[in-house]
Amino acid sequence: MANETKFSTKLGVIAATVGSAVGLGNIWRFPYEAGMHGGGAFLLVYVLFVLLIGVPVVAGEFVIGRYTGSNVVGAFKKLKAAPFWHSVAYIGLLSSLLILGFYSVVAGWTVEYIYQAVTGFGGATSEEALHSQFDSFTTSGGRQIFWTLLFLAINFLVISRGVRKGIEKVSNVLMPMLFAILFVFCVNALFLPGAAEGLSFLFHPDFSKIDLPTVLNAMGQAFFSLSVGMGVLMTYASYFSSSTRLVNTSVTTALLDTLVAVMAGIIIFPAVFSFGATPAAGPRLVFEVLPSIFTTLPGGSLWAALFFVLLFVAALTSTISLSEVVIAWFIGEWKISRVKATVIYGIATGLLSSLCALSFGPLAGAKVFGMTFFDLFDFASSNILLPLGGMLIAVYTGWMLPRRILRAQLSAPGRDPGAPTPAGVRLVIFSLRFICPLAILAIFVWGLL
Ligand code: PFF
């Protein structure tokens, strides 16, 4: 995506933003986080974060990106922001590196599972068999590194070629297909013997489960899933035209993104209870449980292969946006070519993701703050850097950016500047000024107590 280009259509804007938001975070990370943190209680807190904090910060990023038309670092320079605010940009760049590190490992898993689906999961159907298959794959360093690097190679190949023509066209077709197939699986899940128990786990909040880990992880999940807090959406918004409605786009993105996460939950939890798996299985949850549903469907391997192909594409549209934040910075600030930027960043992420890939096998014992590299990169980015970046973006847009600019960007294009500010815009501004900073700060302080 060249800097001088703009998204040409409304669909292009939504497809790219939703393409970034919808990914492994919805289908892989949401169910296991919900599974580990109380199901319905997690969902409730998560939805509150998406609405009260996620939507406004998404809109805030859009404002900065479209107003400046720049990459993250360039944006704060153009705004003549005090040096302190440039930290937002560097937090974003670091987050991109860390997230790509662990995310591409899981994206690599999707490639392995496409292969496994085509070969019928080696005949495994029971929970135990699928469990040990996942173990033997993830502890094998070489095979995982191979898929991880292959995934990254595809990611950077697409990016080096320019994102708009290739991936946007592809995702315009494949993302709706992903929705359709998720819908089919949802319906199927409702007929599983564990459906009632699974749905009740997901939708009946047990308020006693709302503790610090639940709140911290739900906040991290909201930021991660919306791709917000690290300048990705700022970068994308620099390609928006003046007619894009920023508040509407934030709300649409948040709703579609949450819908996909909830659909993933509706698919997975009935299966968890039907197949005697545990909801708190962690990152392996989806990779063990989904194949067990596929085997119950006629033409199971085909469904499974199709599903993992779509998951792969969803992961790719997200990693492209993750990479773009750094590539746009290289191009804009360091004046190097897109291809060179791609090679440099490809090598850096390749090295980090290999460390993460080995976290399940040879490097399982290598721990920093009691976490493997994989867990550390995930925790540091989702639970710390993204909320911190989000808090700074909220404070900057809410308090530092001239109110006239903020209002004009958030209001519908062509609106009479003398007309009263619409309620939606006022709500977003109120949240940016008060709710976002205070809530995020309070949770950080709670975490430190
Ligand atoms: N939102 C993506 C997902 O849910 O899979 C992951 C992601 C993409 C996070 C881009 C952050 C980001 F900047």
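In this text, all values refer to a predicted model and were calculated from it rather than measured experimentally.

Student: Lay out the nonpolar core with the relevant residues and their values.
Tutor: Grouped together as the largest cluster of nonpolar side chains are 161 residues, with contacts concentrated most on Trp28, Phe49, Phe307, Phe308 and Leu410. Here this core gets 19 residues from one element, more than from any other, and that element is helix H14 (residues 300–334). If near-sequence neighbours (up to four positions away) are discounted, Trp28 is found in contact with Phe102, Val106, Trp109, Pro283, Val286, Phe287 and Phe374.

Student: Any details on helix H18 (residues 423–448)? Residues and values, ideally.
Tutor: Taking 1.5 Å per residue, 26 residues should reach 38 Å; H18 reaches 36 Å between its end C-alpha atoms and fits that length. Buried within H18 we find Val425, Val428, Ile429, Ser431, Leu432, Arg433, Cys436, Pro437, Ile440, Ile443 and Phe444.

Student: Which residues make up the packing of aromatic side chains, and what values do they have?
Tutor: Applying the stated rule across the entire model yields 40 aromatic pairs. Seen from their ring centres, Phe360 and Phe374 are 4.8 Å apart, and the 70° between their planes marks the pair as edge-to-face. Placement of the pair is Phe360 in the loop between helix H15 (338–357) and helix H16 (373–400) and Phe374 in helix H16, with a sequence separation of 14 residues. Classification of Phe360 by relative accessible area gives partly exposed; the value is 24%. The ring of Phe224 is capped by Arg29, whose NZ or CZ atom sits 4.9 Å from the centre of that ring. When the ring centre of Trp399 is taken as origin, the NZ or CZ atom of Arg433, which lies over that ring, is 3.7 Å away.

Student: Please set out the site of the ligand residue by residue, giving values where relevant.
Tutor: Residues in close proximity to the ligand total 16 residues, the closest being Ala21, Gly25, Tyr103, Phe224 and Ser227. With respect to the ligand, the backbone of Gly25 contributes an N or O atom lying 2.8 Å from an oxygen atom. One of the side-chain N or O atoms of Tyr103 is found 2.5 Å from an oxygen atom in the ligand. Within the complex, 100% of the 340 Å² of free accessible area of the ligand lies under protein. Going through the elements one at a time, helix H1 (10–21), helix H2 (24–36), helix H5 (86–118), helix H10 (212–226) and H14 are the ones with two or more residues in the shell around the ligand.

Student: Hey, could you go over the confidence of the model for the protein chain for me, with residue numbers and the actual values?
Tutor: Summary statistics for the protein chain give a mean pLDDT of 92 and a share of 97% for residues scoring 70 or more. When mean pLDDT is taken per element in the protein chain, helix H3 (residues 40–68) scores highest with 98 and helix H8 (residues 163–190) scores lowest with 80.

Student: Please give an account of the pattern of salt bridges that cites residues and values.
Tutor: Should their charged atoms come close, side chains of opposite charge can pair. By the definition in use, this model includes 8 salt bridges. Measuring nitrogen to oxygen at the nearest pair gives 2.6 Å for the salt bridge that ties Glu333 to Lys77. Taken together, the residues Glu333 in helix H14 and Lys77 in helix H4 (residues 72–78) connect sequence positions 256 residues apart. A residue is classified by how much of its surface remains accessible, and Glu333, at 25% relative accessible area, is partly exposed.

Student: I'd like to hear about unusual backbone geometry, residue by residue, with values.
Tutor: Excluding glycine, residues mostly have negative phi values, and the peptide bonds linking residues are mostly trans. In this structure, Phe121 takes a positive phi of about 50° despite not being glycine. Counting through the fold element by element, Phe121 comes out in the loop between H5 and helix H6 (127–139). Although it is not a glycine, Ser227 adopts a positive phi angle of roughly 55°. Structurally, the position occupied by Ser227 is in the loop between H10 and helix H11 (232–237). We classify Ser227 as buried; its relative accessible area is 10%.

Student: An account of a nonpolar patch on the surface is needed here, citing residue identities and associated values.
Tutor: Together, Leu44, Leu48, Leu51, Leu52, Phe207, Ile210, Val251 and Leu255 line one region of the surface with nonpolar side chains, adding up to about 710 Å² of accessible area. Those elements that place two or more of their residues in the nonpolar patch are H3 and helix H12 (246–274). Considering every element that reaches the nonpolar patch, the biggest residue donor is H3, with 4 residues. Here Ile210 shows up in the loop between helix H9 (195–203) and H10.

Rules used in this analysis
- Residues numbered from 1 in each chain as written.
- Predicted model: local features only at pLDDT ≥ 70, side-chain atom pairs only at ≥ 80, totals over all residues.
- Heavy atoms only, no water.
- Core = buried A, V, L, I, M, F, W, Y, C linked by side-chain atoms within 4.5 Å.
- Buried < 20%, exposed > 50% of the residue type's maximum accessible area, 1.4 Å probe, protein only.
- Helix = DSSP H or I, 4+ residues; strand = E, 2+ residues; numbered from the N terminus.
- Contact = heavy atoms within 4.5 Å.
- Expected span 1.5 Å × (residues − 1).
- Phe/Tyr/Trp six-rings, centres within 6.5 Å; stacked < 30°, edge-to-face > 60°.
- Lys NZ or Arg CZ within 6 Å of the ring centre and 35° of its normal.
- Near = heavy atom within 4 Å.
- Polar contact = N/O pair within 3.5 Å; in protein donor to acceptor, adjacent residues only side chain to side chain.
- Areas by Shrake-Rupley, 256 points an atom, 1.4 Å probe, with all protein chains shown as cover.
- pLDDT = per-residue confidence, 0-100.
- Salt bridge = Lys/Arg side-chain N within 4 Å of Asp/Glu carboxyl O.
- Patch = residues over 30% accessible without salt bridge, like charges linked within 9 Å, V, L, I, M, F, W, Y side chains within 5 Å.

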